[in-house]
Every structure is written in C-alpha cells, then in structure tokens.
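# Coordinates in review
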Amino acid sequence: MKRRYQPGGVELKWQSVWASKDPFRSIPEARPKFYCLEMFPYPSGKIHMGHVRNYAIGDVIARYKRMRGYNVLHPMGWDAFGLPAENAAIKEKAHPARWTRDNIAHMKKQLTRLGLSYDWSREFATCEPAYYGWNQWFFLKMFEKGLAYRKASFVNWCPSCLTVLANEQVIDGRCWRCESVVVQKELEQWFLRITAYEEELLAALDGLSGWPEKVILMQKNWIGRSEGLQIAFAIEGSADEIPVFTTRADTLFGAKFICLASKHPLAERFLESNKAGLEKIREHYGKMEEKHGLFTGHYAINPVNGEKLPVYVANFVLMEYGTGAIMSVPAHDQRDFEFARKYDLPVKVVIRPTSTGVASTGGPPEPERAFEDDGVLVDSGPFSGLESRAARQKVAEYIESKGVGRRVVNYRLRDWGISRQRYWGTPIPIIYCERCGTVPVPEKDLPVVLPEEVRFTGTGGSPLVSADSFVNVSCPSCGGKARRETDTMDTFVDSSWYYVRYCSRRDEPALDRANISYYMPVDQYVGGVEHAVLHLLYSRFFMRVIRDLGLSSIAEPFQRLLTQGMVCMETIRCPQDGWLYPSEVADGRCVKCGSAIERGRTEKMSKSKRNIVDPDQLVQTYGADTARLFSLFAAPPERDLEWSEKGVEGAYRFLNRIFTFVYDNLETLTGAGAQPPSAIAGGKSACGLVPCGLVRGKTPPLVRKTHQTIMRVTRDIEREYHFNTAIAAMMELVNALTAFSPADPEDAWQMRFATEKMLLLLAPFCPHIARELWDAIGMTSDIQLETWPGYDEDAAREDQIELVVQINGKVRARLMVPPGLPDEDLKAMALSEPRIKEMLSAGSIKKVFTVKGKLVNIVAQ
RNA sequence: GCGAGAGUGGCGGAACUGGCAGACGCGCUGGACUUAGGAUCCAGUGGGGAAACCCGUGGGGGUUCAAAUCCCCCCCCUCGCACCA
C-alpha cells in the first residue's frame, strides 16, 4: 500500500516525543555556546504570520547551529505587561492577569505546534513578580546612582482615557484608541538617565558590524549628536543673558533677531503684561504649521558687532533642544527666513555660494529662500572672505576668547520617561513620606507586588490610585504615614533586560554572573525593524547599567541583529461590503453580495484590511513544515515577503515529493545495495558516512550533486542566512534524486547517500518530516542531534565545464572542456571551433580575453 | 525637505569580488496516466523571428574587451526622521 504524506500525524507524533525528551535544553558546558534569540511576543491572544516568520527564521538558525556542534541557547517567553490587557479588563470584564495567562497558554500551544526548538525551562512572563521584581531592583540601583530621578515634564495626555500616551501612541495628534485630541500636560514623572551614556551609545554603534546599516543609522539620528557653539547674547538694559546654541557660527553676522521658546523662562518674564499673547503662541507650540511669533519689547546685543536684535517668542522654537532659544539668521535658515517674511524683519546675506561667480557683482539680491549651504563669508567684519568651515572655527575662537560663549556638543536624545498612569505594569518602588519625602522601597521589601484586587472603571485612570491597601503604607525610614507611588513602569523596561534573565533557568536565581558571562552576548537576535530605535536602544543602555553594576563585562547585548521584513498579502475589496477576507471570495466574486471584487495593492497583513492568513488554519491544512518552508522560501529574511496560497501549495508539493520518493524507493534505500561499495568505504572524509573518493575513477553525478548542494546550502546559511536560495538548492537535489534510477543495483548506495544528506540539510527547516523519513530509512539516531554534513570541494567539482566563447561580448559558441586547462589551451580551442573560425574569417582578431578558465571573449575587427 | 533601501519574465525571486541574465518555485502551454482531474508524472516556457539572428534587468548618458552589477543625471516605489537651530 502506498503511503501518503499526512503532515498532521507525522508532526504531532514527533512533537510529543520532543515534549517528553526535552532535547533543546541547554546548560553551560565546555562546548562553545550560541545564543539565538527572537523578540518575545506580546501575548495578545493568537500568533500571526509575522510571528511564524520571525520564529521560523530563528528556529532554523538555532537548529543549524546545534547541528554544527554549538551549545545553543534558544529561549522563549512573554512580554506580558501592557495596555491591551487592561482594555480587555474594561471591555470583557476579564482580569488582566487571567486574560494574559489564558493568552499565553494558547499561544504557547501554537508555538509548540510549529515545532520550534525552545528551551522551555527558561520561560517566564514579565508580569510575574519574580520577574518584574528585578525591574524594581534595577530601578533602585539606578536611583542610588542618580540614574533614576523625578522631574516635572510635559507629556502626551489623553483627556478621555485619562492616561499618558507614549509618543508612538499618538497618531496625528490624536489618541490611537479613542481619537481624542492629545494635549500636553505637565506631570511629575520618573526618568532614567539614558543621556548619561549618550556618547558611549553613539560611539559603540560603529563597532556593531553584525547590525544592519539602516538600524545603526536610525540610532545615530535618534541620538542626534551635533557640535556647535553656545553664545550668550546680552540684553539691552538688563543683566539677563540669552544663551543660544548654533551649529552655524559662520552666519553670526547675519543674525537679525532672537527667538525664544514659548516655555522659556525669559519669555514668561518679558511677556508678563501680555499673558494672553504668550498663551496664543503656546497653543501653536511645536506644531508643524505657519510660524507664529510675538515681539517681547526687548533687544539683545550681537557680541560680534554690537547690533541690536529684537527678541521674539516663536512657536517653532523647542524648549527641549539646545537652550530653548535661537539666534535667527533669515538669509541662511529657511525657518528664520519664513519668520522674517511674515513679521517683516530684515534679511542680511553673509554667505555666498563658492561656485558661482555672481557673488562679486551688484548689491545683495533679495533672496527667495534661505541659502543654507556652506560658502564664503561676506559682510562679516574681520571674518569676510573666509570659507564657512574655517569661519566656524575662527568665530568660535573669538567668542571663547571674549568669554561670551563656548563650544558645546548637543544631543537630541532625551532621558527616558518611564512613568505610566496605568495598572498593568511594574509598580515603581517609591514611597512618598510626609516627613522624609521621596523614599525608595528597601531592597529586602522587593518585589512590590501589583495588587490583583482592584476595580476597573474604564474612566478613572489607574485603578491603583484607589487601591487603598496598596497606596497607604508606612514610611520605611521613619515609620510615619506615607503614600506609595501609583504609577507603573513603561513596558519597555521589561524588554530591556529579558535576554539576560534567560541566561539562568526559571528555577535558578536571576542575574547569575557565571551564567551571564557564559551565554552573553546574544549571538543572533531576530525581530522586526519597528524596534530599531526604542527597544534596541533601551537594551543597549540597560546592558551598560548591568555592566556598571558589576554583573557582566560586556556592553553590547546583541552581537548580530537580523531585522526580518513584513509579511504582506494582496488586499481584496468588494464595492459593496468593503475589505474582504480571502475566504470571502469565490470565483472572483464577493460571497456576500456577488459583486465582482477589486484586487488592491499588496500590503502588510492587517486585520483592518483583512488580508490575513490564520496560522492555525495554515498548519491544519498543510502542516507546520510547509508553513515554515514557505515562510523561508518566498523571500530572503530581511526583505518583505509576499504571501501566496499557490506558493504554499508549491512548498507542500515539494515535501510530498520527498515523502513519496522515500517510501516508493524504500527497498532500494534500505536494501543490501544501499551500502557503499567496500572499495571506497573505510577512509575518512569530509562528508562523513561515505568517503568522497572516486568510484571507478569518477565521482558519480548524483554524489557530485549532493556535495554541491551541501556546499551551497551551507554557504547560503552562513552568508546572511539566505534560506530562500538554500531551499532552492535542496529542491534541485530532490529533482536530481527523483530523476535518478540506478543503472546497476550496485549504484543504489548513491541514492542512499544523497537521501541521507538531503534529509540532514532539510532538518533545520522542516524538522518533522526530516525526522520521520530519517526513521523510515532505518536510521536510529535523532536527526536533530546529528552533525551537519560536510562537503568535499573536489567531489563537488564538475568533470566537464562549459566553455563560453564570445565574439565582441556576444555568446557565439559553447563547448565542453575538462576543467583546469591553461588559458592558452582554452584560447586555442575557442579559435579552432569551426563556428568561431567561420565568423572570424572576415575580420582580424584584435585581442582575446580569458576569464577564470570558463569564458573566452574574442575582440575582432 | 533630509536620510536609507529597492526597481530584473505573467508573478515571488536568483545571479559570489564586473564575465553565459532569468537558478528555484508559482502560473501558463502541450502530452501521459485516468470514468474524472483543481491529483500525479513527462516536456516546454523572457520578447520578436520560419531561421540565421536581433532585442531585453525603471529611463537617459558614460567607463570597459565585457555592466543587472561601477560612475553621472532623471523617474517611480517603500521605509525611517521631520521646524533638532
């Protein structure tokens, strides 16, 4: 009876074996380690195709490295704190803890069903006190070192949800949840002093050779270092000064006015009599629109020429950057130019383009926009004639010598505000005492456990505020009446050090120095590019804090980073019913109303566009091996992947062909002839089971193809994890294998040889079917504990190569020649080829090029 | 606006340091087996042409014996940042 490939049965069988034997557990040992990590998921309820892709990529790497002999650490867990759990509590009346626990249970089942090789002994959820207690511990340590502090600051506040929103939760100035207009509100907030490491975080980026250039660049821009000059402008008739920051000291003679941020302390003072006017400017603060300004009635003095400059308050000047005040040079800064135009302020040209000869003639033309490039200084007193770059130096020296300023370095990076007015997060371990003030919770009292018995109203902000037994405490230092901090931490704190927690098993103490030094850094991190800045920058910051606490000697947590592309799919719309799920289409028509459907563009899979594939259904229909295979085959990992049902069927067909091939040829594969001929057996070789030596003076073609395939697959994986081409190579081998029929019963061993190698190569990609067929051909070992096959370059070499003969760069003939012939011979063979001779008979040969013994180009005429 | 990446058959994608463009898969065409085929197997498949050949990697120019690949200009798409002084 013919056996059919039924992935469900095969996969469940081996998954239960893996579940009982736990073969993916890692413990520190003498072997070199390899720490492979994928970004842990938020337990939202179900996994999506993005997870499937992410975890399939990571799993192939983990399994491959295991076969290469590494002690692989491949853990998984749950990024379990966050707002959706709280929303569910309000909407569905399920407690966030229960909602999260249920989701984790379900998603863990889904991951297991994909056959992912995790070490579950290290699993944790960040919402467990045993985990988040360490968030609190880190906070206390940072508090001690002055790296955690409290200050008032402006935050995004949703007046309807009554909570702070992270910047990324504000979309076009509105709340992502309820679409209310977000307002700026001043609140006392806890901050982590990431800026203490800004210089190091920036400098170390250049050493991250295993990271995508794109991510490094995004972090550089985010840190935003810029060198410049801080200049103090005196105020006429006042002892006050206005320090400004500029990167364009060369334009100082062109300064025509000064602008203060609307929140600048001097703005407040200068406009005491016109609070309404100031308030108007503040309403437009930081908004990308028309510029608004208000004259303060005061003048500043330009230190280089004594010129009187009116002082304005302007909406476009940010308090958070530099000094909160700028010198405005309308001729050479587009923003200042627009402002000057609107308020009829003078524009003075002090920089002329170097390249144009126009500069010398006539008076200054009235410019239409600011000239922002470097050039040559004009009308700049002693600095006239200097080139911008040199002028910046000279002006800086002059300003410093006069004692009215100094060179400074400015950063865009701000300290990390971690306070959230939410329930489902890590309580900040701080107590406010009426007598002692701000008191940290003593380490021995950690963790400060989040109380479960709270009321979710959906309107009153954090339920912690009204949890009396949580809030009312006695002061740890004086024992008096005190209140607990009710804000919780940003959930990015949780994910900033989870990779360190994995270094110790669940039942071991966290932050074990020996475990950390054995496993860290993460050798390969895999995740979405959406975390390019926040999560990855916070983690780099935390790792440095961990280092400075003496827990580790390394600073960079992630040696190599792979940012996988998005999973995309075609969108389908019905003119009547809007976006349609793929299942709502039959014969190009909407199943609801029968209208012809419209095919839209291919976009990232999303529920709202309904262009999604359910992983459960996919696995149900085709099996996990097919789901993994297609995810890896359709595109290289860093690129976007276009999902296609037809493509999935192709992957399924491939596995079917392998399956039927093995069972159809079981007798040949396991019979007496499957043993390698004794004449060639016995020696040692790169490919292990069978020596790669010659058979009757030749390498049999199938054996050669096998060696070539091992070589290609190995190189494709090693070189940037190009799984798509690795899989293509395996498909070629399978094609050769199914086309092979042993002419002689003695040749059966070749089939056996190729089959074994093929299964070993397939094992990291499709572990279930590989294991099943390994078993079927009589192997008793566990394929995933086998060694990755080696190859022999000599055995992989073709014994005939195709020599391409070109005339003037165009292919005119191909001939088969033995490899390794000297160029002279190749040239002679090419020239004596009848076809070539004939074509050359009319003209004369100018030159002949030979390339790597495989191509001859004859330049003629 | 600034920065980064991409543009290759009907489609997803290959092509290591410049050296045969289109591997592999999907789709399509023809055939075989079949009561049947949306299963499986075999063959073909960039475009034009009967053929010799010609044309082809977003468009235009250039370097070179030779360009998808290197240089210049332009177009388009995707992503990131966006009044950062």
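Residues numbered from 1 in each chain as written. Chains lettered and ligands numbered in written order. Predicted model: local features only at pLDDT ≥ 70, side-chain atom pairs only at ≥ 80, totals over all residues. Heavy atoms only, no water.

### Considerations on the protein's contact with RNA strand B
Residues in close proximity to RNA strand B total 51 residues, the closest being Thr247, Lys287, Tyr321, Arg335 and Arg814. Counting only the atoms of RNA strand B within 4 Å of the protein, the fraction contributed by sugar and phosphate is 62%. In this structure, Asn735 approaches RNA strand B through a side-chain N or O atom, which is 3.3 Å from a phosphate oxygen. Of all the secondary structure elements, the ones that give two or more residues to the surface near RNA strand B are helix H7 (213-223), strand E9 (241-246), helix H18 (645-664), helix H21 (723-739), strand E32 (801-807), strand E33 (810-817), strand E34 (845-851) and strand E35 (855-860). At 6 residues, the largest contribution of residues to the surface near RNA strand B is made by H21. Each residue belonging to the surface near RNA strand B can be placed in one class, and the counts come to 19 nonpolar, 10 polar and 22 charged. (Near = heavy atom within 4 Å. Polar contact = N/O pair within 3.5 Å; in protein donor to acceptor, adjacent residues only side chain to side chain. Helix = DSSP H or I, 4+ residues; strand = E, 2+ residues; numbered from the N terminus. Nonpolar A, V, L, I, M, F, W, Y, C, P; charged D, E, K, R; others polar.)

### Side note on unusual backbone geometry
The omega torsion across Leu446 and Pro447 is -5°, close enough to zero to call that bond cis. Here Met520 and Pro521 are connected by a cis peptide whose omega angle stands at 0°. Secondary-structure assignment places Pro521 in the loop between helix H14 (513-519) and strand E24 (522-528). Residues other than glycine seldom take positive phi values, yet Arg610 does so here, at roughly 65°. Structurally, Arg610 can be placed in the loop between strand E30 (598-604) and helix H16 (615-622). If you check the backbone angles, Tyr721 has positive phi at about 55° while not being a glycine.

### What to know about the sheet that holds strand E2 (residues 71-73)
Within the open sheet, the 4 strands sit side by side as E2-E1-E24-E25. Their pairing is parallel. Whereas interior strands pair on both sides, the edge strands pair on one side only; in this sheet they are E2 and strand E25 (558-564). This sheet shows a mean twist of 20° between the axes of neighbouring strands, independent of strand direction. (Pairing = 2+ DSSP bridges. Axes fitted to C-alpha atoms, helices over the stretch in contact; angles between N-to-C directions.)

### Section: helix H3 (residues 83-92)
Helical periodicity: at 3.6 residues per turn, an α-helix aligns residues three or four positions apart in one direction. Within H3, the full set of buried residues consists of Leu83, Ala85, Glu86, Asn87, Ala88 and Ala89. In this structure, the buried residues of H3 make contact with helix H4 (96-113). Positive backbone phi, approximately 55°, marks Lys93, located one or two places after H3. (Buried < 20%, exposed > 50% of the residue type's maximum accessible area, 1.4 Å probe, protein only. Contact = heavy atoms within 4.5 Å.)

### Overview of the packing of aromatic side chains
Summed over the entire model, instances satisfying the criterion amount to 49 aromatic pairs. When the centroid spacing of 5.2 Å and the interplanar angle of 75° are considered together, the rings of Phe139 and Trp190 count as edge-to-face. Within this pair, whereas Phe139 is found in helix H5 (residues 129-144), its partner Trp190 is found in strand E7 (residues 183-192), the two being separated by 51 residues in sequence. An identical accessibility class is assigned to Phe139 and Trp190; each is buried. For the ring pair Phe245 and Tyr321, a centre distance of 6.3 Å and an interplane angle of 80° mean the geometry is edge-to-face. Here Tyr321 lies in the loop between strand E12 (308-314) and strand E13 (325-328) and Phe245 lies in strand E9, a separation of 76 residues in the sequence. (Phe/Tyr/Trp six-rings, centres within 6.5 Å; stacked < 30°, edge-to-face > 60°.)

### Let's talk about H5
For H5, built from 16 residues, the straight-helix expectation of 22 Å at 1.5 Å per residue is met to within 8% by its first-to-last C-alpha distance of 22 Å. Buried within H5 we find Tyr131, Tyr132, Gly133, Asn135, Gln136, Trp137, Phe138, Phe139, Leu140, Lys141 and Met142. Gly146, located one to two residues past H5, shows a positive phi value of around 75°. (Expected span 1.5 Å × (residues − 1).)

### Digging into the pattern of salt bridges
Inspection of the entire model under this criterion finds 56 salt bridges. Across the pair Arg505 and Glu508 runs a salt bridge, and its minimum N-O distance is 3.7 Å. Its relative accessible area of 22% is what places Glu508 among the partly exposed residues. The partner of Glu556 in a salt bridge is Arg544, with the nearest N and O atoms 2.5 Å apart. (Salt bridge = Lys/Arg side-chain N within 4 Å of Asp/Glu carboxyl O.)

### Some thoughts on the domain arrangement of chain A
Domain annotation of chain A identifies domain 1 (24-126 + 495-564), domain 2 (138-193 + 415-489), domain 3 (226-410), domain 4 (567-642), domain 5 (665-796) and domain 6 (801-860). With 21 residues of domain 1 in contact, the opposing surface of domain 4 contributes 19 residues. Taken together, the two surfaces of domain 1 and domain 4 that pack against each other cover about 1,500 Å², and 64% of this comes from carbon and sulfur. Broken down residue by residue, the surface that domain 1 buries against domain 4 is led by Met49, Arg53 and Leu114, which jointly contribute 44%. For the interface between domain 1 and domain 4, the tally reads 1 salt bridge. The shortest N-O distance in the salt bridge between Asp59 and Arg628 comes to 2.7 Å. Applying the counting rule to domain 1 against domain 4 returns 7 residue pairs in polar contact (both at pLDDT 80 or more). When residues of the side of domain 1 that touches domain 4 are traced back to their parent elements, those giving at least two are helix H2 (49-67), H4 and E25. Top element by residues in the side of domain 1 that touches domain 4 is H2. It accounts for 9 residues. (Domains from an automatic or database assignment. Buried area = accessible area lost by both parts, 1.4 Å probe.)

### Regarding the pairing of strand E11 (residues 293-301)
Within a regular strand, side chains alternate between the sheet's two faces. Sheet topology note: the strand E8 (residues 226-235)/E11 ladder contains 2 bridges and is antiparallel. Paired with Ile235 across the two strands is Ala300, which belongs to E11. With 6 bridges connecting them, E11 and E12 associate as antiparallel partners. Counted as the bridge partner of Phe295 is Tyr312 from E12.

### A word on the packing of H18 against helix H23 (residues 767-776)
Relative orientation and spacing of two packed helices are given, respectively, by the angle between their axes and the distance between those axes. Orientation of H18 relative to H23, taken along the N-to-C sense of each, is 10°, at an axis distance of 10 Å. Viewed along their axes, H18 and H23 adopt a mutual orientation that is roughly parallel. For the pair formed by H18 and H23, the contact residues are Leu655, Ile658, Phe659, Val662 and Tyr663 on the first element and Ile769, Glu772, Leu773 and Ala776 on the second. (Parallel < 35°, antiparallel > 145°, perpendicular 65-115°, else oblique.)

### A short note on the sheet that holds E32
A sheet is described by the order of its strands in space; here 4 strands give the open sequence E33-E32-E35-E34, paired in mixed fashion. Unpaired on one side and paired on the other, E33 and E34 mark the two borders of the sheet. Here the strands of the sheet are splayed against their neighbours by 20° on average, with no regard to which way each runs. Looking at chain direction, E32 and E33 are connected through 7 bridges and run antiparallel. For Glu802, the partnering residue across the bridge sits in E33 and is Met816. The strands touched by helix H25 (residues 823-832) within the sheet are E32, E33, E34 and E35, with E34 carrying the most contacts at an inclination of about 125°.

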